[in-house]
Amino acid sequence: MPDAALPFTLRPEQLLDALPYPAWLTPADGSAEHCNPAWLALTGTTAEALCERGVAACWHPDDQGRVQNSPEQTLTAEARIGRAGGTFRWHRCQTRPLRDETGRLLGWLGTATDIDDQKQAEQQTRRADFKLLARATNDVIWDWNLSTNELWRNARFGEQFGYPAAQAPETIDFWRTLLHPDDRAELLSRLEDFLQGPQELLRAEYRLRCADGSYADIVDRIIAVRDEAGHARRLVGAMQNVTRARHQEQLMQQQQEQFRFLADTIPQFIWTARPDGVLDYANQRWEDYTGQHPQEATFENWAPLVHPEDGPRSLEQWQYSLETGRFYENELRFRGRDGQYRWFLVQAQPQRNAQGEIVKWFGSCTDIDERRQAQRKLLRREQYVQRMLSQAPILFAVMRGPEHRFEFASPLFEQLLGSHRGDILGRRLAEAVPELIDQGYISIMDQVYATGQPYVGTEVPVQLLRPHGQVELGYLNFTYQPQLDAQGHTEGLVVIAVDVTAQVLAKQQAERLTAEVAQREEQFRFLAESIPQLIWTNNPAGVADYFNQRWSDYTGLTTTNETLPHYWQELFHPDDQQPAVQRWQQSLDTGIFFEQEVRLRARGGEYRWFLAQALPMRDAAGQVQRWFGSYTDIDDVKSAQQRLLTQNQELTRINQELDSFVYTASHDLIQPINNMAGIFEELTRTAYFRDPDAVKLIAMFERALQQIYTTIHDLAEVVQVQRRQQDVPTEPVLLRELSEEVLTSIRDQISAARAVVETNFSAADSLVCVRTNLQSVFYNLVSNAIKYASPERPPYVRVWSELVAGEFVLSVQDNGLGIDLARYGSQLFQLFRRFHDHTEGSGIGLYLVNRILQGQGGRLEVESTVGEGTTFRAFFGHCRPASALAPDAGLAAGKVSPAPLV
């Protein structure tokens, strides 16, 4: 009977009191609220107290204002209600508007349902999931409850920084003591501002002291868990040790190149943007779909291609990512060149530098038009997991069942095992990687699967078979974590590993180097005590830290800690102290080799000359680590040098007098010889000789006279060479011009011998020297090569220049008779020495060439084989090339030679 009147009348308060759950009634006119007995029993208060304070007084202070009244609809909120005894429990509260038959609002009915157990279970589940994830990650995860000041962190803290659990109390004060003194004040100030402000995320970089005293570079991402009023209640953070990562910029560059290659091969639209959001790259797929050239793919040109309904929302989200640096993800429709719209998943990830600053955005557009509705949630989750596992520096795999069959393996895990194994999903570990059977890995898995207890291995060696058939040794840090079903039974294993091969090998190398350094130090001490020199070492600042026993024997000083750094300079002769100390300070400032001759006082007070030398030992960065020095007794050498100097001065005087005598004698002899030649010429012109051998005698006399002329000329030339080296200035000489002059002067000799002379001055086309000296060297070497030609073949002479260790060298090679160096080598450059009698000569040419070269710090080298030919190499000492002065570029271009002379 819906329209029949009830046989009795009930007031709203009576209906409220009949409800079995807590409820209250709020009249529309704002008069006193009414609560039922279940409410009073729950809160432990009285009706009179509620009339004075109101229902809102029973809410938790942080939840007041959540439960509201609405005249339009039923409102639901979760809030904590204070119970008798002062505790609070979570309730789901609803307020419903009450109206009469005419629709007039009478008031609101509120009810409360206890959900505290459900909330606790959800929090425990989330906490358990959080701790499980904290065990699976390589980061140091921490959780600071600001209300209780309790601090929790995962086991990675001890592993990363070397603190055993007993030495690392879980308190915020312990964390503060580990901060670098230079970072502490600023970091704590930022943390205080973060707690007081509205931000949800704080990214902090600082240095944290490890157990060994070193400091690690930390990037800490901190999330604030705030209440409805914005007050921070908890801080949750993830600490990353980026000390090693900051040395991997080269790897990032390689990844960029791989990215460009990959971007043009995958089907997605790939694009990049600057930190301010301006696009600077789009791949070829974008042009294929839209018809827009990649260089035109700016956001201004993108806007007309975006569906009108998606444009404002997409732009707003993109601006938010640019401002906050958060990962960008959005679904929108792009218009293709055919005018049709398709749905795309647009994602963008910021790339940051070591300081956490965004340097570039990497984005992609994935076509999800056909599967958007059915697979959108799954696709996003798969992309997130794939990105997390591919970027995480860990090896991750999931294995099911007692046979340990692969259910999942991250790319790094598959890379470790090797691509030659094929697809490992669904296969048993023993089948996919049989070499692990005898290494104990699978037996440990069996134990973890059977007991349900996790296992952690540190720097465990592993030998893996490679495609070429060889076994490769590596090292792993790994964890076997059992996966339990709802009944607590093990159903699989999660394998988390980190390849630490590089670290282990580096540690082993460091240990070997330490042992080698110790061995070399011992060898150095043994050597230093064995040799006759005074040996010493200094630290980089120049303070002595070691002297050998020879030092004590000579100076009479003991090498104690007190005498090592001091007093050794006072042993120098007073005249040597200042220059030696200045030279030593220069070496300390610049790191250059130290060398100085000093007089060192012996224990008896006498001084002896020593050659002091010191060589710096540097590290890989070029920094001086130590100085190694010696004092070599050169007192006898210095005395011998003084005697030699006196003797050299005397010899120089005698040579000068001898040169003057030779020059004077040759000058005085030339006039009588000229007179004799004139008389003989007149005699042969006017006299009549009846003797039939007169012609032969005349020819013999002419040859003897010519030989006297040549000898006198050559003697004068020897003296002139010495004077030119002292008096004639040097000048730049072009070799091609000089060679043409010399070859022209001996053209008759070349033609008569049917010789071929070839020159090549491309390596060094000019020389700063005394021109006549260079001309004499060239003339004598070339004319000798033609003069001593083999009668069995036409003469071939090759002349070329080159630079040997920066020194100019002129080489002359022939195919002539050759010289027996074993027999005549020691006499080769002596005056008037000749080794072939079939041709005329004075025996002065090679002596002259050798003297010219020695006078300017050079030398003459000879290589010869009898019957095959000879090569002379003239080293010009301190004479340097002057190629920059050559006016003709052709002089330095390849082979330069006049036409062969035959």
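Residues numbered from 1 in each chain as written. Predicted model: local features only at pLDDT ≥ 70, side-chain atom pairs only at ≥ 80, totals over all residues. Heavy atoms only, no water.

A.B. asks: In this structure, what is going on with the overall build of the chain? I would like to understand it.
C.D. replies: A count of helical and extended segments in the chain gives 25 helices and 32 strands. Within the chain, the proportion of its 902 residues that are buried is 38%. The long-range fraction of contacts in the chain, counting pairs at least 24 apart against all pairs at least 6 apart in sequence, stands at 50%. About 51900 Å² of surface is accessible on the chain, with carbon and sulfur atoms providing 52% of the total. (Helix = DSSP H or I, 4+ residues; strand = E, 2+ residues; numbered from the N terminus. Buried < 20%, exposed > 50% of the residue type's maximum accessible area, 1.4 Å probe, protein only. Contact = heavy atoms within 4.5 Å. Areas by Shrake-Rupley, 256 points an atom, 1.4 Å probe, with all protein chains shown as cover.)

A.B. asks: Where do I start with the pattern of salt bridges in this structure?
C.D. replies: Between side chains of opposite charge, pairing is possible as soon as their charged atoms come close. Evaluation of the coordinates by the stated rule reveals 35 salt bridges. Of the charged contacts in the structure, one is a salt bridge between Arg156 and Glu159, with a shortest N-O distance of 2.8 Å. One end of the pair is Arg156 and the other is Glu159, both in helix 5 (residues 156–161) and three residues apart, which spans about a single turn. A single salt-bridge network, built from bridges that share partners, covers Glu802, Glu807, Arg859, Glu861 and Arg873. (Salt bridge = Lys/Arg side-chain N within 4 Å of Asp/Glu carboxyl O.)

A.B. asks: Explanation requested: the packing of aromatic side chains in the structure shown.
C.D. replies: Two numbers describe a pair of aromatic rings. These are the distance of the centres and the angle of the planes. Inspection of the entire model under this criterion finds 31 aromatic pairs. Consider the rings of Phe269 and Trp286, whose centres lie 5.4 Å apart with planes at 90°: the pair is edge-to-face. Taken as a pair, Phe269 in strand 11 (residues 269–273) and Trp286 in helix 9 (residues 284–290) lie far apart in primary sequence, 17 residues in all. Each member of the pair, Phe269 together with Trp286, is buried. Ring-pair connections join several aromatic residues into one group, and the members of that group are Trp536, Phe547, Trp551, Tyr554, Phe572, Trp584, Phe594, Phe610, Trp627 and Tyr631. (Phe/Tyr/Trp six-rings, centres within 6.5 Å; stacked < 30°, edge-to-face > 60°.)

A.B. asks: Whenever I open this one, helix 16 (residues 501–530) confuses me. Can you help?
C.D. replies: Structurally, the α-helix is built with 3.6 residues per turn, so residues lying three or four positions apart point the same way. Here helix 16 is 30 residues long and its end C-alpha atoms lie 43 Å apart, about the 44 Å a rise of 1.5 Å per residue gives. Those residues of helix 16 that sit buried are Thr501, Val504, Phe524 and Ala528. The secondary structure elements touched by the buried residues of helix 16 are strand 18 (455–465), strand 19 (471–484), strand 20 (490–499), strand 21 (534–538), strand 22 (544–547) and strand 25 (624–633). (Expected span 1.5 Å × (residues − 1).)

A.B. asks: Would you mind going over the confidence of the model for the chain with me for this structure?
C.D. replies: Predicted coordinates in regions of low pLDDT should not be interpreted in detail. Averaged over the chain, the pLDDT score is 80; the fraction of residues at 70 or greater is 79%. Counting contacts from residues 1–8, a segment whose pLDDT is below 50, to residues more than four positions away or on other chains yields zero contacts. Every residue in residues 884–902 is under pLDDT 50, and counting partners more than four places away or in other chains gives 43 contacts. (pLDDT = per-residue confidence, 0-100.)

A.B. asks: Looking at this model, I keep getting lost on the side chain of Asn548. Mind explaining?
C.D. replies: Within the element layout of this structure, Asn548 appears in the loop between strand 22 and helix 17 (549–555). Classification of Asn548 by relative accessible area gives buried; the value is 1%.

A.B. asks: Looking at this structure, how should I read the sheet that holds strand 3 (residues 75–82)?
C.D. replies: Hydrogen bonds between backbone groups are what pair the strands of a sheet, and the pairing can be parallel or antiparallel. If you walk across this open sheet you meet the five strands as 2-1-5-4-3, and the pairing is antiparallel. Lying at the two open borders of the sheet, with one neighbouring strand each, are strand 2 (34–35) and strand 3. The sheet contact formed by strand 1 (residues 23–27) and strand 2 spans two bridges and is antiparallel. When the sheet's bridge partners are listed, Leu25 is paired in strand 2 with His34. (Pairing = 2+ DSSP bridges.)

A.B. asks: Even after reading the chapter, I still don't get the nonpolar core, so can you show me in this structure?
C.D. replies: Considering soluble globular proteins, one finds that nonpolar side chains tend to be buried as a cluster. In terms of nonpolar packing, the biggest core is built from 38 residues, with Leu774, Phe778, Ile786, Val799, Leu810 and Phe876 touching the most fellow members. The set of elements that each furnish at least two residues to this core consists of helix 21 (735–745), strand 28 (766–769), helix 23 (771–787), strand 29 (796–804), strand 30 (807–814), helix 25 (845–855), strand 31 (859–865) and strand 32 (869–875). When residues no more than four places from it in sequence are discounted, the contact partners of Phe876 are Leu767, Leu774, Val777, Glu807, Phe808, Leu810, Leu853, Gln856 and Gly858. If you look at the next biggest cluster of nonpolar residues, it comprises 29 residues, including Val140, Leu195, Leu202 and Leu208. (Core = buried A, V, L, I, M, F, W, Y, C linked by side-chain atoms within 4.5 Å.)

A.B. asks: Would you take a moment to explain the packing of helix 23 against helix 25 for this structure?
C.D. replies: Two measures define how a pair of helices packs: the angle their axes make with one another and the distance between the axes. For the pair helix 23 and helix 25, the least separation of the axes is 9 Å and the interaxial angle reads 145°. Here the hand of the crossing between helix 23 and helix 25 comes out left-handed. Side by side, helix 23 and helix 25 meet where Asn773, Ser776, Val777, Asn780, Leu781 and Asn784 of the first sit next to Gly845, Leu846, Leu848, Val849 and Ile852 of the second. Looking at the contact of helix 23 with helix 25, its residues break down into six nonpolar, five polar and no charged. (Axes fitted to C-alpha atoms, helices over the stretch in contact; angles between N-to-C directions. Left-handed = near helix turned anticlockwise from the far one by under 90°. Nonpolar A, V, L, I, M, F, W, Y, C, P; charged D, E, K, R; others polar.)

A.B. asks: How should the sheet that holds strand 15 (residues 358–367) be read in this particular structure?
C.D. replies: Reading across the sheet, the five strands line up as 12-11-15-14-13 and stay open at both edges, with antiparallel pairing between neighbours. This sheet does not close on itself; its edge strands, each paired only once, are strand 12 (279–282) and strand 13 (328–335). Neighbour to neighbour, the strand axes of the sheet diverge by 25° on average, direction disregarded. Where strand 13 lies against strand 14 (residues 341–352), eight bridges are found, and the strand directions are antiparallel. The residue of strand 14 that forms the bridge with Tyr328 is Ala348.

A.B. asks: Please explain unusual backbone geometry as it appears in this structure.
C.D. replies: Negative phi characterises most residues that are not glycine, and trans characterises most peptide bonds. With a phi angle near 60°, His404 is a residue other than glycine that sits in the positive phi range. In this fold, His404 is placed in the loop between strand 16 (395–400) and strand 17 (405–409). The exposure class of His404 is buried, given its relative accessible area of 2%. The residue Ala805 is not glycine, and still its phi comes out positive at about 55°. Tracing the chain through its elements places Ala805 in the loop between strand 29 and strand 30.

A.B. asks: How should I be thinking about the state of the cysteines in this particular structure?
C.D. replies: By definition, a disulfide links the sulfur atoms of two cysteines through a covalent bond. Going through the model one piece at a time under the given rule, you end up with zero disulfides. Take Cys35: it sits in no disulfide, and the sulfur closest to it among the cysteines is that of Cys58, at 6.8 Å. (Disulfide = S-S within 2.5 Å.)

A.B. asks: Is there a simple way to think about the pairing of strand 10 (residues 232–241) in this case?
C.D. replies: Taken together, the six bridges between strand 6 (residues 140–145) and strand 10 define a ladder with antiparallel strand orientation. Within the sheet, the bridge partner assigned to Asn145 lies in strand 10 and is Arg234. Here strand 9 (residues 215–226) pairs with strand 10 via nine bridges, running antiparallel. By the bridge assignment for strand 10, Asp220 is matched with Met239.

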